[in-house]
Amino acid sequence: MAYTAKQIADYLKGEVIGNQDVSVSNFSKIEEGKPGTISFLANPKYTSYIYTTKADIVLVNEDFVSEKPIQATLIKVKNAYTALASLMELVNKSTPQKSGTESMSFVSETAEIGEEVYIGAFAYIGEKVVVGDNCKVYPQVYIGDGVKIGKNCILYPGVRIYHDCVIGDNCIIHSGAVIGADGFGYSKEEYVYHKIPQMGNVLIEDDVEIGANTTIDRAVMGSTVIHRGVKLDNLIQIAHNCEIGENTAMAAQVGIAGSAKIGENSVLGGQVGIGGHITIGKNSQIGAQSGIISNTKEGSEIMGSPAFPVKNFFKSSIIIPKLPDMYKQLNALEKEVAELKNRLQQID
Amino acid sequence: MAYTAKQIADYLKGEVIGNQDVSVSNFSKIEEGKPGTISFLANPKYTSYIYTTKADIVLVNEDFVSEKPIQATLIKVKNAYTALASLMELVNKSTPQKSGTESMSFVSETAEIGEEVYIGAFAYIGEKVVVGDNCKVYPQVYIGDGVKIGKNCILYPGVRIYHDCVIGDNCIIHSGAVIGADGFGYSKEEYVYHKIPQMGNVLIEDDVEIGANTTIDRAVMGSTVIHRGVKLDNLIQIAHNCEIGENTAMAAQVGIAGSAKIGENSVLGGQVGIGGHITIGKNSQIGAQSGIISNTKEGSEIMGSPAFPVKNFFKSSIIIPKLPDMYKQLNALEKEVAELKNRLQQID
Amino acid sequence: MAYTAKQIADYLKGEVIGNQDVSVSNFSKIEEGKPGTISFLANPKYTSYIYTTKADIVLVNEDFVSEKPIQATLIKVKNAYTALASLMELVNKSTPQKSGTESMSFVSETAEIGEEVYIGAFAYIGEKVVVGDNCKVYPQVYIGDGVKIGKNCILYPGVRIYHDCVIGDNCIIHSGAVIGADGFGYSKEEYVYHKIPQMGNVLIEDDVEIGANTTIDRAVMGSTVIHRGVKLDNLIQIAHNCEIGENTAMAAQVGIAGSAKIGENSVLGGQVGIGGHITIGKNSQIGAQSGIISNTKEGSEIMGSPAFPVKNFFKSSIIIPKLPDMYKQLNALEKEVAELKNRLQQID
């Protein structure tokens with residue numbers, strides 16, 4: 001679908017400068033601007049691109065003043081970035097949505113399916129499952145027996161939810177994510193592992209987004225809990241009986257070992273590992289690739305493996321490459337001091 | 001299904017203290033105890049919870065003596081933890097099991113399917129596949145041509161097994177695991193990679209459990225071998241031609257590069273990386289996030305990247321944050337020694 | 001299928017030494033050689049195995065001279081390794097290939113399917129999808145609306161490609177890989193994350209291979225680009241708006257954060273993490289488990305987290321275990337220098 005500069009300006013309550021009839025059908029970054037697209041200028045570092053961009057329309061802040069002629073049509077708005085986001089949201093919402101039940105899906109007779117639900121081909125919905133209104137269950141999704149899913153959720157192709165897990169409203173789960181597989185729990189006799197049945201489930205609250213191929217294991221008893229507003233990137237591992245606090249975000253490939261608790265409003269960088277039974281205080285910031293092996297206080301900003309305060313981490317990092325020289329220097333100094341001592345003894 | 005305290009005590013040969021008619025239908029941890037559940041007290045650290053828990057029944061060791069009134073019904077048994085595990089096992093086994101072949105599955109005419117096998121909808125079973133008795137092939141599983149699977153295996157939804165791989169008896173493979181994808185093998189000419197066909201397979205022995213979204217690549221020739229009793233957590237990578245020894249356990253997100261051999265009875269922490277062609281001695285313990293770039297002896301307990309003995313690792317870890325201060329201290333000392341030397345020369 | 005030594009020698013233009021009628025049907029490594037297989041000897045380190053191998057045929061370089069009797073039939077060729085590779089390629093090509101459309105697949109009426117395409121059961125091909133000639137779409141693959149796929153591609157079971165992504169010719173994508181899931185993009189208001197619609201796509205050029213369960217996110221706008229000849233191993237994360245240069249190879253479990261650019265002809269070891277918006281110069285070599293937080297020059301060979309030149313990395317690594325001793329040594333030295341100073345003052 002294409003929109004003219006005038007249509008867009010009307011929607012955003014902005015002012016057109018240039019050809020108001022030019023139309024665009026996609027977005028682009030200003031430095032990669034292409035004909036037929038709309039871009040934006042929010043960060044002054046990118047100002048130079050506005051004079052060369054091939055984008056047909058550029059959203060700019062209302063205080064923008066051009067220093068040279070600009071080929072693109074401009075739309076002046078209060079805040080170019082916010083305007084862009086609202087435009088993307090609009091386009092996203094106006095994209096035709098999947099609906100109805102495609103042939104060759106499997107829906108148990110005992111499942112309760114809400115209104116306006118999309119069920120794709122080869123999706124499997126087990127016994128006594130509840131799927132709330134307006135959910136989208138894409139092709140090849142598996143929903144095990146007894147699972148309950150709230151309203152307005154999107155389960156992308158190939159999501160797997162094991163039996164008896166519970167998902168809140170407005171959740172988005174991406175392809176290949178596995179919710180509720182058995183926790184890694186065994187008792188050990190001599191060298192042989194005996195499986196401990198994992199009798200609990202996974203409980204995901206509202207407004208959670210879960211990335212592609214991320215895995216969240218069911219609890220041994222009780223629930224592995226993902227609280228409201230949590231955002232998990234791809235390929236993350238959440239072990240059994242963990243609890244992830246509200247509005248905490250984790251970048252890709254983070255691993256959280258069993259029974260760890262992550263406080264609310266925290267941010268974990270990519271590839272971080274959290275040890276079992278660890279508690280991370282709320283509002284924490286943990287740098288990428290960190291390893292956490294002891295509890296941390298509220299508001300910690302830490303990095304390293306094992307982690308320590310991030311400011312010190314970078315200072316220490318600068319020293320690491322100097323270690324071989326320090327080692328030589330230290331040993332040379334030791335010799336010198338021994339000599340000095342010797343000479344001093346002779347003087348005495 | 002609900003059980004009364006009396007029924008449970010009879011099964012466990014324990015003694016009821018309290019209301020023998022109270023019934024429970026689920027398990028809970030004592031600190032999270034909920035009405036309608038049974039919990040247990042094994043670790044003395046948790047004793048205080050027994051006076052406040054909302055669980056209706058608590059398993060306790062026979063020597064437990066209460067100091068205050070307890071609301072819950074107690075069942076005294078020899079070993080509360082073992083009793084709990086056997087109870088979980090019982091409940092697990094009594095859960096109604098899937099059976100039969102659901103509609104819309106694809107089973108090649110040349111496949112041999114054992115007795116009492118469950119085949120879920122949208123499962124794909126290729127040519128000349130053998131599936132042993134009592135296996136459960138959940139929906140959306142893919143079993144490639146020529147694959148052989150033993151008895152009593154569980155393949156959860158979305159497991160993929162490429163052609164000609166072999167799986168033993170009593171194996172459990174979780175959703176999204178990929179067994180037998182091509183190893184990462186190329187010959188390089190100038191900058192261009194040419195694929196080397198991966199002609200081998202994956203051989204998984206008995207009693208192996210493989211976590212969700214874990215990947216085990218097929219050998220270039222011969223077999224990538226996972227020996228009996230190995231337990232792999234989620235999101236693990238096992239490259240081509242690796243061999244994992246009996247009863248070795250790996251936590252999530254471990255990566256093993258090509259042709260590495262891991263000795264039996266070893267334990268690898270989360271996010272460990274093992275280099276190509278490395279041999280890890282049996283009975284080894286490797287700490288989380290370690291990187292192993294040389295062979296290790298039997299019984300090694302190591303950590304770090306690159307790894308060294310774990311005791312030293314923690315000692316060194318304490319020093320790392322002090323490096324900036326050490327660096328200053330060392331340079332200050334060097335100056336001082338130079339001055340001392342100078343003054344001493346003047347004295348001479 | 002079995003081939004005799006004579007048939008193989010004729011194909012390779014080699015010379016048979018021994019029984020030219022012995023036949024083999026598989027490959028093996030010389031140290032694991034089994035009856036009925038052909039092996040090869042290229043690396044002199046493995047020469048001793050030729051006298052004991054159970055392989056029926058061994059390819060050897062034409063200058064090979066035996067020192068003892070050898071049971072196996074030998075085939076002398078110019079280059080044993082190249083001969084082996086060409087033989088594997090031949091066998092691989094002669095393996096019967098899947099073709100046609102299996103029942104119970106879902107192909108939109110508006111999709112354009114090329115000639116000689118295989119479409120497996122439970123595969124889903126959405127609206128306006130284009131699939132080029134000679135592609136193999138294995139069972140349970142998902143191809144979203146508007147996706148375009150070139151010629152000769154192989155999509156293994158359970159690959160997911162979200163809408164509007166573009167794949168070139170001769171690409172191989174392994175099971176469970178997810179192409180085009182939403183990038184991890186939010187705006188934050190107080191503590192609450194608001195999703196930014198991810199309006200771009202993923203663009204994969206020709207000759208790319210993507211490992212099992214690897215994830216490549218779609219761009220927020222524009223494209224996440226994987227250039228020609230890139231080889232990605234399993235469980236890799238490529239975030240939104242990244243650009244991976246031609247013929248770059250990455251080992252398993254690498255994570256690339258948003259908008260990073262990796263130069264062509266680079267090699268990244270396993271579990272490497274690259275920070276957001278980082279640029280890696282072409283022809284770089286990055287050691288396993290490294291963490292990259294600043295731009296790197298062309299031809300860099302680096303390692304560590306944060307990374308520095310690989311030669312220094314190994315030198316520093318040797319010092320790390322000595323840090324506790326260095327710390328004691330430094331403090332002891334400081335005391336001694338203070339004493340010396342004291343005594344010197346007394347002398348003055």
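Values in this document were obtained by computation on a predicted structure and should not be read as measured data. (Residues numbered from 1 in each chain as written. Chains lettered and ligands numbered in written order. Predicted model: local features only at pLDDT ≥ 70, side-chain atom pairs only at ≥ 80, totals over all residues. Heavy atoms only, no water.)

**Thoughts on the UniProt feature "active site" (unreviewed entry) in chain A**
All names here are of chain A.
Moving on, step 1. Within this structure's numbering, the places UniProt gives as "active site" (unreviewed entry) are His240.
Moving on, step 2. Tracing the backbone shows histidine 240 in the loop between β28 (237–238) and β29 (243–244).
Moving on, step 3. Assessed through its relative accessible area of 15%, histidine 240 is described here as buried.
Moving on, step 4. Excluding its chain neighbours within four sequence positions, the residues that come into contact with histidine 240 are Gly183, Phe184, Gly185, Gln198, Asp217, Arg218, Ala219, Val220, Thr224, Gly258 and Ser259. (UniProt positions renumbered as here; feature names shortened; annotations may be inferred. Helix = DSSP H or I, 4+ residues; strand = E, 2+ residues; numbered from the N terminus. Buried < 20%, exposed > 50% of the residue type's maximum accessible area, 1.4 Å probe, protein only. Contact = heavy atoms within 4.5 Å.)

**Some words on the domain arrangement of chain A**
Moving on, step 1. Each domain of chain A was delimited in the assignment, giving domain 1 (3–94) and domain 2 (100–312).
Moving on, step 2. On a C-alpha basis, the centres of domain 1 of chain A and domain 2 of chain A stand 38 Å from each other. (Domains from an automatic or database assignment.)

**A short note on the relation of the copies chain A and chain C**
Moving on, step 1. When chain A is brought onto chain C, the operation consists of a screw motion whose angular component is 120° and whose axial shift is 0.1 Å, with 0.1 Å RMSD remaining. Here the two chains are linked by the operation of a three-fold rotation axis. (Least-squares fit on C-alpha atoms with pLDDT ≥ 70 in both.)

**Some details on the side chain of threonine 215 of chain C**
Moving on, step 1. In this structure, threonine 215 of chain C sits in strand β25 (residues 215–217).
Moving on, step 2. Of the polar contacts made by the side chain of threonine 215 of chain C, one reaches the side chain of asparagine 234 of chain A; its length is 3.3 Å.
Moving on, step 3. The residues contacting threonine 215 of chain C, other than those within four sequence positions of it, are Ala212, Asn213, Asn234 and Leu235 of chain A together with Val178, Ile236, Gln237 and Ile238 of chain C. (Polar contact = N/O pair within 3.5 Å; in protein donor to acceptor, adjacent residues only side chain to side chain.)

**Some details on the sheet that holds strand β26 (residues 223–226) of chain C**
All names here are of chain C.
Moving on, step 1. Reading across from one edge, β9-β12-β15-β18-β23-β26-β29-β32-β35 is the order of the nine strands in this open sheet, with parallel pairing throughout. Edge positions in the sheet fall to β9 (112–113) and β35 (279–280), since each of these pairs with one other strand and no more.
Moving on, step 2. Sheet topology places strand β29 (residues 243–244) next to strand β32 (residues 261–262); two bridges connect them, and they run parallel. Counted as the bridge partner of isoleucine 244 is isoleucine 262 from β32. (Pairing = 2+ DSSP bridges.)

**Details of the pattern of salt bridges**
Moving on, step 1. If you walk through the whole model with that rule in mind, you get 27 salt bridges over all chains.
Moving on, step 2. Across the pair aspartate 182 of chain A and lysine 195 of chain A runs a salt bridge whose closest N-O atoms are separated by 2.8 Å. Linking aspartate 182 of chain A in the loop between β20 (178–181) and β21 (186–189) with lysine 195 of chain A in strand β22 (residues 192–195), this pair joins segments that are 13 residues apart in sequence.
Moving on, step 3. For the salt bridge of aspartate 207 of chain C with arginine 228 of chain C, the shortest nitrogen-to-oxygen distance reads 3.4 Å. You can see aspartate 207 of chain C sitting in the loop between β23 (201–204) and β24 (209–210) and its partner arginine 228 of chain C sitting in the loop between β26 and β27 (231–232), a full 21 residues away along the chain.
Moving on, step 4. Exposure remark for arginine 228 of chain C: the relative accessible area of 38% places this residue in the partly exposed category.
Moving on, step 5. Each of the salt bridges in this network shares a partner with another, and the network as a whole consists of Lys98 of chain A together with Glu127 and Asp145 of chain C. (Salt bridge = Lys/Arg side-chain N within 4 Å of Asp/Glu carboxyl O.)

**As for the packing of helix α1 (residues 5–12) of chain C against helix α2 (residues 80–94) of chain C**
Residue and element names in this part refer to chain C.
Moving on, step 1. Running from N to C, α1 and α2 cross one another at 110°; their axes reach a closest spacing of 11 Å. Overall, the two elements α1 and α2 adopt an arrangement that is roughly perpendicular. Along the contact surface, α1 presents Ile8, Tyr11 and Leu12, while α2 presents Ala83, Ser86, Leu87 and Leu90.
Moving on, step 2. Class assignment for the residues of the contact of α1 with α2 results in six nonpolar, one polar and no charged. (Axes fitted to C-alpha atoms, helices over the stretch in contact; angles between N-to-C directions. Parallel < 35°, antiparallel > 145°, perpendicular 65-115°, else oblique. Nonpolar A, V, L, I, M, F, W, Y, C, P; charged D, E, K, R; others polar.)

**Looking at the interface of chain A and chain C**
Moving on, step 1. In this assembly, 67 residues from chain A lie in contact with 68 residues from chain C.
Moving on, step 2. The junction of chain A with chain C conceals about 5,500 Å² of combined surface from both sides, 64% of it contributed by carbon and sulfur atoms.
Moving on, step 3. Looking at the side of chain A facing chain C, the largest losses of area belong to Met88, Leu330 and Leu344 of chain A, adding up to 10% of the total buried there.
Moving on, step 4. There are four salt bridges connecting chain A and chain C.
Moving on, step 5. The salt bridge involving glutamate 127 of chain C is made with lysine 98 of chain A; its shortest N-O contact spans 3.7 Å. (Buried area = accessible area lost by both parts, 1.4 Å probe.)

**What about helix α1 (residues 5–12) of chain B?**
Moving on, step 1. Among the residues making up α1 of chain B, those that are buried are Ala5, Ile8, Ala9 and Leu12 of chain B. Down the axis of α1 of chain B, the buried side of the element spans an arc of 100°, and every buried residue falls inside it. (Arc of directions from axis to C-beta.)

**What to know about helix α3 (residues 310–319) of chain B**
Moving on, step 1. All of the buried residues along α3 of chain B are Phe313, Ser316, Ser317 and Ile319 of chain B. End-on view of α3 of chain B: buried residues confined to an arc of 150°, all on one side of the axis. Residues of α3 of chain B that are exposed and point more than 90 degrees away from the buried face comprise Lys311 and Ile318 of chain B.
Moving on, step 2. Of the surrounding elements, those touching the buried residues of α3 of chain B are β38 (301–304), β39 (307–309) and α4 (323–347) of chain B together with α4 (323–347) of chain C.

**Description of the confidence of the model for chain A**
Moving on, step 1. With 100% of its residues at a pLDDT of 70 or more, chain A has an overall mean of 95.
Moving on, step 2. Scoring of the predicted complex yields 0.95 for pTM and 0.94 for ipTM. (pLDDT = per-residue confidence, 0-100.)

**What about the pairing of β23 of chain C?**
Residue and element names in this part refer to chain C.
Moving on, step 1. As paired strands, strand β18 (residues 166–167) and β23 are joined by two bridges and run parallel to one another. From the neighbouring strand, valine 166 faces β23, where its bridge partner is leucine 203.
Moving on, step 2. For β23 and β26, the ladder comprises four bridges, and the chain directions are parallel. What sits directly across from valine 202, in β26, is threonine 224.

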